[in-house]
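# Descriptive structure summary
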Amino acid sequence: MRLRFAPSPTGFLHIGNARTAILNHLIAKKYGAALVLRIEDTDMERSSRESEESILKDLTWLGVRWHEGPDRGGEYGPYRQSERFDIYREYSERLLAGGKAYHCFCTAGELDEMRKASAETGSYEYSGRCRDLSEEEKKAFLAEGRKPTVRFRVPEGETVIVDDIIKGRVVFSSENIGGDFIIVRSDGVPVYNYIVIIDDALMKITHVVRGEDHLSNTPKQVLIARALGLPVPQYAHLSLVMGDDRKKLSKRHGITSVDMYRREGYLPESLLNYLAMLGWAAEGGVEIMPEDEIAAQIEIGKLAKSAAVFDFQKLRWMNGSYIRQYPQERLLELIEPYINEAGFDTKSVERPWLSEVVALLKGYCETLPDIQKLIGMFMADVNEPDAESDALLRQENAKAVIREARMLFEGEITAENFFSGLGDRIKAGTGLKGKDLFHSMRALLTGRLKGPELDRALPLIGFERCRKRVEYAYRKYAQ
RNA sequence: GUCCCCGUCGUCUAGGGGUCUAGGACACUGGGUUUUCAUCCCAGCAACAGGGGUUCGAAUCCCCUCGGGGAUGCCA
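Cut-off values and rules
- Residues numbered from 1 in each chain as written.
- Chains lettered and ligands numbered in written order.
- Predicted model: local features only at pLDDT ≥ 70, side-chain atom pairs only at ≥ 80, totals over all residues.
- Heavy atoms only, no water.
- Disulfide = S-S within 2.5 Å.
- Axes fitted to C-alpha atoms, helices over the stretch in contact; angles between N-to-C directions.
- Helix = DSSP H or I, 4+ residues; strand = E, 2+ residues; numbered from the N terminus.
- Parallel < 35°, antiparallel > 145°, perpendicular 65-115°, else oblique.
- Left-handed = near helix turned anticlockwise from the far one by under 90°.
- Contact = heavy atoms within 4.5 Å.
- Nonpolar A, V, L, I, M, F, W, Y, C, P; charged D, E, K, R; others polar.
- Near = heavy atom within 4 Å.
- Polar contact = N/O pair within 3.5 Å; in protein donor to acceptor, adjacent residues only side chain to side chain.

### Side note on the state of the cysteines
By definition, a disulfide links the sulfur atoms of two cysteine residues through a covalent bond. For the coordinates displayed, the defined rule picks out 0 disulfides. Looking at C104, it has no disulfide partner, and the nearest cysteine sulfur is the one in C106, 3.7 Å off. This cysteine, C106, is not joined by any disulfide, and C130 carries the nearest cysteine sulfur, 3.6 Å off.

Shown next as structure tokens:
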């Protein structure tokens with residue numbers, strides 16, 4: 001079994017393509033198949049080497065592994081279509097010589113006109129007007145300076161049956177695939193629908209797992225294969241991923257590139273998990289699963305036929321769950337840049353202490369940068385109260401708490417005993433309890449109303465800082 | 001327009017003729033734990049697009065309608 005993932009390097013790796021790549025990777029893993037990475041860069045204007053590099057980087061980050069590709073070579077290379085033009089030319093010549101393809105002199109402009117004209121009457125199909133040009137006619141066009149394209153002569157009355165692993169048996173007729181289609185542009189560069197099937201055959205691909213948007217074009221590819229005597233792989237067309245408006249996922253739906261998810265603080269494991277499980281369910285309805293387990297359970301035929309809406313909420317939830325389970329060292333490493341970004345220098349503090357802080361805070365993070373909202377209560381000397389804490393601290397109950405705390409910090413509270421029973425002491429002094437007491441204490445000592453449990457946070461914040469914060473609050477609110 | 005695909009809670013799905021008064025997860029709502037809060041636990045809300053068949057029996061099979069999506073490019 002040989003699989004392939006064939007992105008076009010015309011931008012960042014998109015979530016939809018990432019899912020296709022992940023599924024290919026997982027299936028390859030399950031069956032011990034080879035995964036080929038092929039770069040489909042025949043759109044010379046839009047393709048770029050930078051895109052290719054970023055796609056490879058994103059795939060690697062996600063954990064997708066391929067066995068053959070432009071970066072590592074392989075028996076069936078080269079793996080960039082732009083480096084295989086000689087191969088395609090041979091096939092084109094064969095098609096031309098056998099009368100299975102012909103030169104078409106229609107210009108892009110003329111084609112446009114024809115399309116427009118037929119838009120009013122109904123369906124468009126290439127007229128086939130260059131199908132049977134005489135040598136004189138061809139010469140005349142050439143003399144005009146026209147550069148011909150090569151069109152595939154679509155056989156009449158032929159049926160193409162695609163036995164799709166996901167969709168089932170899909171029947172097409174050569175009558176309604178739009179007429180003879182272009183396989184080589186006027187500049188000599190071949191077109192996707194033509195060479196994709198050649199490469200799949202030459203690279204000995206046995207199973208093509210790709211997006212459903214390719215299903216309608218599959219008969220064209222099969223017809224090419226028949227004309228060339230090439231084998232046709234097994235197909236599995238994946239249903240598309242859509243935005244919440246049920247349109248194909250695109251930029252206006254928010255963040256749709258893998259690159260952005262990385263920067264927004266998502267973990268590769270959770271993105272892979274989420275994308276891999278979009279479209280089917282594991283045994284027992286388990287949602288969070290390590291890659292190996294997903295690979296063990298996944299089956300192409302079990303994947304849903306219907307399109308799935310991408311649910312950012314669920315991804316967030318899943319990511320939070322991964323953050324909580326993540327190996328501590330690795331998490332610390334990944335989350336550190338976000339702490340620095342919030343304006344705190346992680347180099348200036350003790351590593352074990354920082355690790356404890358992160359371990360405590362990770363329970364409150366769904367994405368890595370979520371830590372920025374809470375980290376100040378540990379890193380800053382005096383963490384300036386945010387708006388809601390500020391509002392609370394201006395209330396009478398809170399002022400009582402502030403005064404009581406100040407008294408305690410000046411008297412009986414010491415670095416040794418301050419956090420054990422601090423609440424009880426303030427309670428005894430003020431007569432406050434429950435929310436009135438603890439919310440005020442939280443605002444006073446952390447500057448935030450939300451966060452980890454005080455008796456776990458306080459020891460990490462430390463006596464000295466708490467004392468400073470009490471003093472600061474006293475002057476600001478209660479003096 | 002034409003061709004192709006699809007249609008179970010708001011979302012992802014389980015279900016492949018009786019065990020379905022349709023199960024799980026996210027979200028939402030309400031409780032509980034945490035002497036406070038975003039974790040955690042429990043409970044609740046909520047769906048077989050509509051209409052015809054087939055069958056003793058249909059979410060499951062067939063047809064039609066409607067709805068959604070894709071293709072129809074000298075993009076992939």
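### Some remarks on the packing of helix α3 (residues 85-97) against helix α6 (residues 192-202)
Helix packing for two helices is described by the angle between their axes and how far apart those axes are. Orientation of α3 relative to α6, taken along the N-to-C sense of each, is 115°, at an axis distance of 11 Å. Taken together, α3 and α6 sit at an angle that is classed as roughly perpendicular. Remark: the crossing between α3 and α6 carries right-handed chirality. Across from I87, Y88, Y91, S92 and L95 in α3, the residues of α6 making contact are Y194, I195, I198, D199 and L202. Residue composition of the contact of α3 with α6, by class: 8 nonpolar, 1 polar and 1 charged.

### What about the protein's contact with RNA strand B?
Taken together, the neighbourhood of RNA strand B is formed by 65 residues, with T42, D43, R185, K247 and R442 sitting nearest. For RNA strand B, the backbone makes up 67% of the atoms found within 4 Å of the protein, where backbone means sugar plus phosphate. In this structure, a sugar or linking oxygen belonging to RNA strand B sits 2.6 Å away from a side-chain N or O atom of D43. Between RNA strand B and K314, the relevant distance is 3.1 Å, taken from a base nitrogen to a side-chain nitrogen or oxygen of the residue. Counting only elements with at least two residues in the surface near RNA strand B, the list comes to α4 (108-121), β6 (168-173), α6, β11 (308-309), α11 (312-325), α17 (422-430) and α18 (434-446). Per-element accounting of the surface near RNA strand B gives the leading share, 5 residues, to α18. Taken together, the residues of the surface near RNA strand B break down into 22 nonpolar, 20 polar and 23 charged.

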